[in-house]
Amino acid sequence: MPVDLPSPTVRPSVNLTKTYDVVIVGGGIVGLTCACGLRGSDLQVAVIEAQTAQQAAGRQRAYAFSPVSASILQGLGLWETVGPQLTHFQRVKLSDADYPKAITFRPEDGRSDAVYYSAEHSVLMSALQSAVRAADNIDYWCESRVLGSEPAGSAVDGASTQLTVDFRGDRYTFHTSLLIGADGSRSRVRAQAGIKTFGWQYWQSCITAVLAPEKSHRSTAYERFWPSGPFAILPLPNNRCQIVWTAPHDEAKAMLALPREQFLAELQARYGDEMGDLTLVNEPMMFPVQLMHSREYVRPGMALIGDAAHCCHPVGGQGLNMGIRDAIALSEVIQQAAQKGENPSSLKVLKRYERWRRTENWFTLSLTDFLNRSFSNRFWPLVIARRAGIWVLDSVGPLKRLILQLMTGFFGKLPAKAK
Ligand SMILES: Cc1cc2nc3c(=O)[nH]c(=O)nc-3n(C[C@H](O)[C@H](O)[C@H](O)COP(=O)(O)OP(=O)(O)OC[C@H]3O[C@@H](n4cnc5c(N)ncnc54)[C@H](O)[C@@H]3O)c2cc1C
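Let me sum up the structure you'll find in this document. (Residues numbered from 1 in each chain as written. Predicted model: local features only at pLDDT ≥ 70, side-chain atom pairs only at ≥ 80, totals over all residues. Heavy atoms only, no water.)

### Describing the overall build of the protein chain
Item 1. Secondary structure assignment for the protein chain yields twelve helices and 20 strands.
Item 2. The C-alpha radius of gyration computed for the protein chain amounts to 22 Å, which stays within 12% of the reference 22 Å derived for 419 residues, consistent with globular compactness.
Item 3. Dimensions along the principal axes, computed over C-alpha positions, put the protein chain at roughly 65 × 45 × 40 Å.
Item 4. Here the protein chain, with 419 residues, has 55% of them falling under the buried criterion.
Item 5. Sequence-distant contacts, at least 24 apart, represent 74% of the contacts inside the protein chain between residues at least 6 apart. (Helix = DSSP H or I, 4+ residues; strand = E, 2+ residues; numbered from the N terminus. Rg over C-alpha atoms; globule rule 2.2 N^0.38 Å. Buried < 20%, exposed > 50% of the residue type's maximum accessible area, 1.4 Å probe, protein only. Contact = heavy atoms within 4.5 Å.)

Structure representation (structure tokens):
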């Protein structure tokens, strides 16, 4: 039952209690990917999203999208729609501030036709939303906000949850034996389960903006490590580029407050002249940056995926890619258990997902933290070591390929849908 129609004039005549095998709270990219992974199974699934479908798809952000995420979309049958709308990076250049030598990754250093991709939020969301709407076993509840959850008696070998949901002003009660929290970094599902997190806020914020450069971006992405923080350029279709510019809070705030011409001059100093003059396409936005890791991913009858389970520094473009791998890993674990006649909501089954994903995510969070701290400074012994490292990594092929494997997610256990 797709119920994401905009502003109804007539309230549906409804039974205000709903029962599903699986309820996914959060219909962002990660929640919808998990739902897509459960398409065609015997499980009845609900995705509950607080925003309208249009709002949820309307976020102005593009992501560095890894080849493993691309293979997952292929496994889900969505690549034919999404692939042609992404920019396929032909080069990724990593460099230390304005030092001219860079490590250059090319497709032949990896396992795919592109080093990485850039994917706009709306492109990914509209493909996932269409797939979920077309699935017989999934109901997509938009404009539905989960207000609270509590245990609702005991299910066989697991817990059963009762959710209170506000759907356009009506209070619904949802019962489920498996609750999946895909509700972002301030997850209500995580908080209500009392799951503690580990982490910190960084001293930096990041500014994003979309630009139109005068000359071609040649499908090249850049990550430049300035002492104030990493500065990334992602090439987008129609010769646009998105920047992700990290700087200490005060500096980032001051940049945003500058008149547009001065802002562009500061931006150009970090961007370089390779693409000529820059024109702003949208209003720059600022985001806080944090590292957060949930101490547990699962409880009986409950699991966390995506930003609800972990958040990291945007350096290296890892956050969404980790979340997509969580989503598909969890859907695989659940389906395999159901096929074997096990209870998918039991702790024994859900722990398989936690063991699979948590260590790999720890590694990625540590890597992003290490990159940010070791590059965002002017400490001269580190500057010398970094620059020497760039020469070594760029010239030793096997090392370069290893780094690319680490950054693209090919290092960990791959879901069946990504092989
Ligand atoms: C500036 C910036 C740049 C980034 N760049 C990259 C990149 O290049 N590559 C990359 O991989 N990652 C990147 N990330 C990280 C990436 O944006 C996140 O990891 C990703 O968006 C998380 O997706 P999610 O679906 O888990 O959470 P979200 O996108 O936060 O989605 C959560 C959804 O849950 C819904 N929701 C919340 N509470 C409720 C409720 N109570 N009831 C119902 N619905 C609810 C929300 O409306 C939302 O739709 C970047 C992050 C930032 C800040």
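### Quick notes on the state of the cysteines
Item 1. Evaluation of the coordinates by the stated rule reveals zero disulfides.
Item 2. No disulfide involves cysteine 34; its nearest neighbouring cysteine sulfur is the one of cysteine 36, lying 9.6 Å away.
Item 3. Cysteine 36 provides the cysteine sulfur closest to cysteine 142, a residue in no disulfide bond, and the two sulfurs are 13 Å apart. (Disulfide = S-S within 2.5 Å.)

### A few points about the site of the ligand
Item 1. What surrounds the ligand is a group of 29 residues, the closest being Glu49, Arg61, Ala64, Asp307 and Leu320.
Item 2. Arginine 61 places a side-chain nitrogen or oxygen 2.7 Å from an oxygen atom of the ligand.
Item 3. In this structure, a nitrogen atom belonging to the ligand sits 3.0 Å away from a main-chain N or O atom of valine 146.
Item 4. About the coverage of the ligand: the protein hides 88% of its 1000 Å² of free accessible area.
Item 5. When contributions to the shell around the ligand are tallied by element, the ones reaching two or more residues are helix H1 (29-37), strand E3 (62-65), strand E9 (144-155), strand E12 (197-213) and helix H9 (319-339). (Near = heavy atom within 4 Å. Polar contact = N/O pair within 3.5 Å; in protein donor to acceptor, adjacent residues only side chain to side chain. Areas by Shrake-Rupley, 256 points an atom, 1.4 Å probe, with all protein chains shown as cover.)

### Some thoughts on the pairing of strand E11 (residues 170-181)
Item 1. Sheet topology note: the strand E1 (residues 17-25)/E11 ladder contains eight bridges and is parallel. For lysine 18, the partnering residue across the bridge sits in E11 and is phenylalanine 174. (Pairing = 2+ DSSP bridges.)

### Describing helix H12 (residues 397-408)
Every α-helix winds through 3.6 residues per turn, so residues three or four apart in the chain are directed the same way.
Item 1. Look at H12: 16 Å from first C-alpha to last across twelve residues, which is about the 16 Å you get at 1.5 Å a residue.
Item 2. The complete set of buried residues in H12 reads Lys400, Leu404, Leu406, Met407 and Thr408.
Item 3. The elements touched by buried residues of H12 are helix H3 (67-75), strand E6 (102-105), H9, helix H10 (347-375) and helix H11 (380-395).
Item 4. Just downstream of H12 lies glycine 409, where phi reads positive at about 90°. (Expected span 1.5 Å × (residues − 1).)

### Here's the deal with the sheet that holds strand E7 (residues 117-120)
Item 1. Sheet architecture is open: three strands sit in the order E3-E7-E4, paired in antiparallel fashion. Strand pairing shows two members of the sheet lacking a second neighbour, E3 and strand E4 (87-88), which therefore form its edges.
Item 2. Running at roughly 95° to E3, H3 makes contact with E3 and E7 of the sheet.
Item 3. Here helix H5 (residues 121-134) sits on the sheet in contact with E3 and E7, set at roughly 70° to E7. (Axes fitted to C-alpha atoms, helices over the stretch in contact; angles between N-to-C directions.)

### What about unusual backbone geometry?
Item 1. The residue arginine 168 is not glycine, and still its phi comes out positive at about 50°.
Item 2. Here arginine 168 lies in the loop between strand E10 (158-167) and E11.
Item 3. Residue arginine 168 is classed as buried on the basis of its relative accessible area, which comes to 16%.

### Quick word on the pairing of E1
Item 1. Note: E1 against strand E2 (residues 45-48), four bridges, orientation parallel. If you follow valine 23 over to E2, its bridge partner there is alanine 46.
Item 2. Remark: the E1/H1/E2 crossover connection has right-handed handedness. (Right-handed = clockwise from strand over helix to strand, strands pointing away.)

### Focus: the packing of aromatic side chains
Any aromatic ring pair is given by two values, namely how distant the centres are and how the planes are angled relative to each other.
Item 1. Tallying each qualifying case throughout the model produces 16 aromatic pairs.
Item 2. Between arginine 61 and the ring centre of phenylalanine 287, over which it is positioned, the NZ or CZ distance is 4.6 Å.
Item 3. Lying across the ring of phenylalanine 263, arginine 260 places its NZ or CZ 5.6 Å from the centre. (Phe/Tyr/Trp six-rings, centres within 6.5 Å; stacked < 30°, edge-to-face > 60°. Lys NZ or Arg CZ within 6 Å of the ring centre and 35° of its normal.)

### Considering the pattern of salt bridges
Item 1. A complete count under the given rule lists 19 salt bridges for this structure.
Item 2. Measuring nitrogen to oxygen at the nearest pair gives 2.8 Å for the salt bridge that ties aspartate 326 to arginine 357. In this pair, aspartate 326 sits in helix H9 while arginine 357 sits in helix H10, placing the two residues 31 residues apart along the sequence.
Item 3. The exposure class assigned to aspartate 326 is buried, which follows from its relative accessible area of 0%.
Item 4. For arginine 357, a relative accessible area of 1% corresponds to the buried category.
Item 5. Each of the salt bridges in this network shares a partner with another, and the network as a whole consists of Lys101, Asp109, Asp394 and Lys400. (Salt bridge = Lys/Arg side-chain N within 4 Å of Asp/Glu carboxyl O.)

### Looking at a nonpolar patch on the surface
Item 1. Together, Val392, Val396, Leu399, Leu402 and Phe411 line one region of the surface with nonpolar side chains, adding up to about 400 Å² of accessible area.
Item 2. Relative to the elements of secondary structure, valine 392 occurs in helix H11.
Item 3. Residue class for valine 392 comes out partly exposed when judged on its relative accessible area of 43%. (Patch = residues over 30% accessible without salt bridge, like charges linked within 9 Å, V, L, I, M, F, W, Y side chains within 5 Å.)

### Topic: the packing of H1 against H9
Item 1. At a minimum axis distance of 8 Å, the contact between H1 and H9 shows a crossing angle of 30°. Classified by the angle between their axes, H1 and H9 sit roughly parallel to one another. Our pair here, H1 against H9, has a crossing hand that is right-handed. From H1, Ile29, Val30, Thr33, Cys34 and Gly37 reach across to H9, where they touch Leu320, Gly323, Ile324, Ala327, Ile328, Leu330, Ser331 and Gln335.
Item 2. A class-by-class count of the residues in the contact of H1 with H9 yields eight nonpolar, five polar and no charged. (Parallel < 35°, antiparallel > 145°, perpendicular 65-115°, else oblique. Left-handed = near helix turned anticlockwise from the far one by under 90°. Nonpolar A, V, L, I, M, F, W, Y, C, P; charged D, E, K, R; others polar.)

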